[in-house]
Amino acid sequence: MTVRRTEDKKYLNVTIVTHSEGKDMPVDFKYQKRHEREKPMALDVLLQAQETKIPDLAFRYGCRARNCGVCTIDINGLPRIACRSVVRENDELRAMSTLPVITDLVVRRDQISRQLRGKIYRSSGGNDLNVDASDDYHELTSCIECYACLHNCPLHEKNRVDSEERYEYGNPFSLLKLQTIVMDPVSSNSQKNDAITQAVNLGLDTCLDCPGCKCGIGIDLKGKVVDPLIKEAKKRENN
Amino acid sequence: MRINLVWEQYDVLVVGSGGSGSNAAETASEMGASVLLVTKDPLSASDTKISEGIATVRASGSADDSEDALSENLQLAGGDLPDVNITSAFAKDSQRAYDKVRANGLRPKISGITKNPDPLPLPMGGHTKRRSVGHKNSGVAFGHANWNSIVKDTKIDYKEDCWLIDIITENKKENTKSIVGALIYDAQKGKLLAVMCASIIVASGGLSTLYFPKTDTMRGNTGDSYAIAARAGAELVDMEQIQFLPFCLTSPPAFEGLLGGEPVTASYLGVLRDKNKKVILDGVYLRTRAECSAAIMKAVEDGRGTKNGGAYLDMTANKKAPKSGKYFMSFLKGSLPSAYNNVRQAMSKKESQCEDLWEVRPSAHYMMGGIRVDENCCSIGGPKGLKQHGISGLFAAGQAMGGLFGANRLGSTSLTEGAVFGQRAGKNAAIHSRNISGMNSLNKRLFIEKAERVNSLIGQKGHLHASRIKLTVQKECWENLGPIRDEERLNKTKLFISKTKKKLKNISISNSVKWNQGLIEYFELENMLDTAELMATAALERDGSLGGHVRADRPNISLFSKPYSTIVKFFGAGVNVTRLPRKQTEFKKLIKFKLEEQKKFLGARILRLMPMSLKDSVLERRYKKIMNIQKSSIAVSPGSNEAAVGDQKIL
């Protein structure tokens, strides 16, 4: 029993699901703690796995400080920002389930941005740049684009996620980008109308039956993005 | 398995999607050029996105802020190493370039009085005017604007997950090289792209990952910009000049290297101590980043470093002062919210409350040297800095370029640099491509030869792994090419590099063509080694301490000695290094600058040694003054009015 406890203090057992040529391969990994009380983040575990056991392990990361939004993975089936998510005994780390896996924990991301290509800020707003934006505007631009919001999104699930170059149906992130234009004091009325039309085209009506989405860093997506867009879209429909 | 080669043709290729890459792509497209932007990280995920989000906007604080004043601040801070034409271009364009970013959704706070973007209440260290504009959500706000600028325009083609392997040039006339394109590894699609183009804009950032994990920047900074340009034959300037942030965290591992504080946030009574608690630097808030880093590393060098190879930042005197202590804490928390957040998570409660000492160590932050260009971002070369001695069609912007900051970079300038020179590069690359004809008849063999090399790497057998060799390079760079250097160490680094380059053929690379991590690691490792070699050569040539370059075995280089930049380029199997004389600031100005600086240090020392009751009242008044005019909670500096003007404290 005593031996076991010392073991516990030195190591942390996790499963890293690697992926190659369309197949998942779980790898058991014993993370060696640098001191007894260390609570490693998922990124620490992946870095050590690359250093010791799986030298060509593929995963994305950037700033290590929850700012760049690129290191999102699934931990026990839920999207987590790897650089700031503490790992516990027997956790399973794998690629996000909501986007197509390329290799190991790397997912393809650019089908999301491509659905807005040419559809935002299409003309210059023409308004004076020297106006203050509201707090709501700034809340939306705190989004770090981690894509945790794709999880359980009924709108995003309508896409053929693995095969499309540019997703037809939207997601909370794309809606946030469009609502940002609606909230922007510099936007012209036509830009705002445009943004709302785009939101409807991305399948906004699906959101009517949805209890709401969850943001990786705590933006009120339902209250500040989806509901206002639905309200504006309805208003325009009634006119 | 063989990898498919796909041919593409564009007017302009942009490498990188951060502040400079996005501005370059947008501007080149507006000029009518067909643009392909490639980025190895997701769109806009860059140092710009993770920065503190403070940008230099000339005249935002007062109408009398002239272009000359801003340009001169950069010159003095940079130890007269910056190119005057480039600092002038920065000063000239800063407002216009910033407004272009605003057109894509960047929304600063607008002053009720001037109806313009509201700068921080005091000038940042080294600036003589208020002109540093902070933003809600820091760099992430810039990240959105830059993302928008690429995505909004269907004329800009972009590809994520693409690693530029090499630039391809052709010798047109004697001794002139022209760009004909580039070979790119598209990891997402598992293809090689042969992009034929007359202009390439290198905007792929810095090299701080050479020091990982002792860095606070993006992982992707593997020196790609410098290595790729140098292999194509370009000259690089001031490659010994890298900026270290002095007060970064040493543990736990997840936080190692991240920012804890800046010299200014050490406030009036902050001092640095060695492991025996002896003061090694006072007046910290007046010092530059380079001076603080040097003090820490010199203590470590003498065996007086802390457990993790750093020093102690002691701010307890600020906190203890009965009346002014509470102001200090709110100042510290409000000045650099994200840095303080790191401290709160990584340190004990007593430490984060400044009741105990912080263990700090420098981290690599920003490369001031880079590709040698003129004020239009065109590659130049030779003693006179001429375009015909550079590479025709090669442009660089942002951290990739050199010549703007010299030996030291002032706070808040790099975001503006990305916008100003991204836009200049975009414009001039578009014009260059317009004037070039005959791209259709070019020699495809040049591309195919390079592609063959990649094919021979895929499936390479060996017992080594690039990801592990990278770790040894990072250790080597920190120890021997880091914040403290000497001749022996630099020679060691050069030897290490040549030995390691010989190991490349023994690296194992798998057979897959799609996202082959081993291949990616190999390309990045090659770039790290080439970059480190160029840096070590420049660092040996600069045989004295100046700015970001600290030589333990040589004296400081005097402000009054004749300034020069180092120029390095690959030559045969080695590196060629020369000195380029720079224009010196008038002696009158230099002397004034030195005297003011000495006066400030003296004032700070007197204040620190005053009895508590006396200094507490003085400090309370000072804090109140700052807090009163502090309307926003973003970075402000207690000593800024009088803060370190430059980098040379030595006469």
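Residues numbered from 1 in each chain as written. Chains lettered and ligands numbered in written order. Predicted model: local features only at pLDDT ≥ 70, side-chain atom pairs only at ≥ 80, totals over all residues. Heavy atoms only, no water.

A word on the packing of aromatic side chains
Residues and elements named next belong to chain B.
Part 1 of the reasoning: If you walk through the whole model with that rule in mind, you get 16 aromatic pairs over all chains.
Part 2 of the reasoning: Aromatic side chains Tyr268 and Tyr623 sit 5.5 Å apart centroid to centroid with 75° between the ring planes, which places their arrangement in the edge-to-face category. Residue Tyr268 is found in the loop between β13 (259-261) and β14 (271-273), and its partner Tyr623 is found in helix α17 (residues 612-629); the two are separated by 355 residues along the sequence.
Part 3 of the reasoning: Taking the relative accessible area as the measure of exposure, Tyr268 reaches 3% and is therefore buried.
Part 4 of the reasoning: Looking at Tyr623, the relative accessible area reads 0%, which means it is buried.
Part 5 of the reasoning: Both rings, one in Phe331 and one in Tyr623, keep their centres 6.3 Å apart while their planes meet at 50°; by these two values the pair is tilted. A residue pair is termed long-range when its members are at least 10 positions apart, and Phe331 in helix α8 (residues 325-335) and Tyr623 in helix α17 qualify at 292 residues.
Part 6 of the reasoning: Each residue in the set Tyr268, Tyr285, Tyr327, Phe331 and Tyr623 is aromatic and connected to the rest through ring pairs, giving one cluster.
Part 7 of the reasoning: Taking NZ or CZ as reference, Arg361 lies 5.9 Å from the ring centre of Trp478, over its face.
Part 8 of the reasoning: The side chain of Arg579 reaches across the aromatic face of Tyr564, ending 4.2 Å from its centre. (Phe/Tyr/Trp six-rings, centres within 6.5 Å; stacked < 30°, edge-to-face > 60°. Helix = DSSP H or I, 4+ residues; strand = E, 2+ residues; numbered from the N terminus. Buried < 20%, exposed > 50% of the residue type's maximum accessible area, 1.4 Å probe, protein only. Lys NZ or Arg CZ within 6 Å of the ring centre and 35° of its normal.)

Considerations on the sheet that holds strand β4 (residues 78-81) of chain A
Residue and element names in this part refer to chain A.
Part 1 of the reasoning: Here 5 strands make up an open sheet; going across it, the order is β2-β1-β5-β3-β4 and the pairing mixed. Sheet topology places β2 (23-32) and β4 at the edges, where each strand pairs with a single neighbour. Geometrically, the sheet is characterised by an average inter-axis angle of 35° between neighbouring strands, direction not taken into account.
Part 2 of the reasoning: Against the sheet, helix α2 (residues 42-52) contacts β1 (11-20), β2, β3 (72-75) and β5 (92-94), and its axis sits at roughly 95° relative to β2. (Pairing = 2+ DSSP bridges. Axes fitted to C-alpha atoms, helices over the stretch in contact; angles between N-to-C directions. Contact = heavy atoms within 4.5 Å.)

Remarks on the domain arrangement of chain A
All names here are of chain A.
Part 1 of the reasoning: Structurally, chain A comprises domain 1 (2-107) and domain 2 (110-238).
Part 2 of the reasoning: A C-alpha centroid distance of 31 Å is found between domain 1 and domain 2.
Part 3 of the reasoning: Of the roughly 1,100 Å² buried where domain 1 meets domain 2, counting both sides, 64% is carbon and sulfur surface.
Part 4 of the reasoning: Counting the surface domain 1 buries against domain 2, the share from its top three residues, Thr98, Leu99 and Pro100, is 41%.
Part 5 of the reasoning: Along the contact surface separating domain 1 from domain 2 lie 2 residue pairs in polar contact (both at pLDDT 80 or more). (Domains from an automatic or database assignment. Buried area = accessible area lost by both parts, 1.4 Å probe. Polar contact = N/O pair within 3.5 Å; in protein donor to acceptor, adjacent residues only side chain to side chain.)

Here we look at the pattern of salt bridges
Part 1 of the reasoning: Applying the stated criterion across every chain yields a total of 67 salt bridges over all chains.
Part 2 of the reasoning: With a closest N to O distance of 3.8 Å, Glu164 of chain A and Arg160 of chain A form a salt bridge.
Part 3 of the reasoning: When its relative accessible area of 55% is taken as the criterion, Arg160 of chain A is described as exposed.
Part 4 of the reasoning: Taking the shortest distance from any N to any O, the salt bridge between Glu487 of chain B and Arg554 of chain B comes out at 3.1 Å. (Salt bridge = Lys/Arg side-chain N within 4 Å of Asp/Glu carboxyl O.)

A few points about the confidence of the model for chain B
Part 1 of the reasoning: Mean pLDDT for chain B: 92, with 95% of residues reaching 70 or above.
Part 2 of the reasoning: Scored below 50 in pLDDT, residues 630-651 of chain B makes 90 contacts in the model with residues more than four places away or belonging to other chains. (pLDDT = per-residue confidence, 0-100.)

What about the interface of chain A and chain B?
Part 1 of the reasoning: The interface of chain A with chain B comprises 57 residues on the first partner and 62 residues on the second.
Part 2 of the reasoning: Both sides together, the interface formed by chain A and chain B hides about 5,100 Å², and carbon and sulfur atoms give 52% of it.
Part 3 of the reasoning: Our count for the contact surface shared by chain A and chain B stands at 5 salt bridges.
Part 4 of the reasoning: The partner of Lys136 of chain B in a salt bridge is Asp135 of chain A, and the shortest N-O contact between them spans 3.7 Å.
Part 5 of the reasoning: Along the contact surface separating chain A from chain B lie 34 residue pairs in polar contact (both at pLDDT 80 or more).

Re the nonpolar core
All names here are of chain B.
Part 1 of the reasoning: In this structure, Leu13, Tyr185, Tyr211, Leu272 and Phe421 are the most contacted members of the largest nonpolar core, which totals 220 residues.
Part 2 of the reasoning: For this core, the leading source of residues is helix α15 (residues 517-541), giving 13 residues.
Part 3 of the reasoning: Ignoring sequence-local partners within four residues, the contact set of Phe421 consists of Ile86, Ala89, Phe90, Glu375, Cys377, Ala397, Gly398, Met401 and Leu404. (Core = buried A, V, L, I, M, F, W, Y, C linked by side-chain atoms within 4.5 Å.)

Remarks on the sheet that holds strand β17 (residues 358-367) of chain B
Strand pairing in a sheet takes place through backbone hydrogen bonds and is either antiparallel or parallel in direction.
Residues and elements named next belong to chain B.
Part 1 of the reasoning: Strand order in the open sheet formed by 6 strands is β13-β12-β17-β16-β14-β15, and the pairing between neighbours is antiparallel. Across the chains shown, the open sheet's two edge strands, defined by having one partner strand only, are β13 and β15 (279-281). Within this sheet the neighbouring strands show an average axis-to-axis angle of 55°, counted without direction.

Here's the deal with the domain arrangement of chain B
Residues and elements named next belong to chain B.
Part 1 of the reasoning: Looking at chain B, the domain boundaries give domain 1 (243-365 + 594-642) and domain 2 (447-581).
Part 2 of the reasoning: A C-alpha centroid distance of 33 Å is found between domain 1 and domain 2.
Part 3 of the reasoning: Each partner contributes to the interface: domain 1 provides 9 residues, whereas domain 2 provides 12 residues.
Part 4 of the reasoning: Buried surface at the junction of domain 1 and domain 2, summed over both partners, amounts to about 900 Å²; 77% is from carbon and sulfur atoms.
Part 5 of the reasoning: Between domain 1 and domain 2 we count 1 salt bridge in total.
Part 6 of the reasoning: Arg489 is paired through a salt bridge with Glu301; the nearest N and O atoms lie 2.9 Å apart.
Part 7 of the reasoning: If you look at where domain 1 meets domain 2, you find 1 residue pair in polar contact (both at pLDDT 80 or more).
Part 8 of the reasoning: Of all elements in the fold, only α6 (289-301) and β17 reach the threshold of two or more residues within the side of domain 1 that touches domain 2.
Part 9 of the reasoning: It is α6 that contributes the most residues to the side of domain 1 that touches domain 2, 5 residues altogether.

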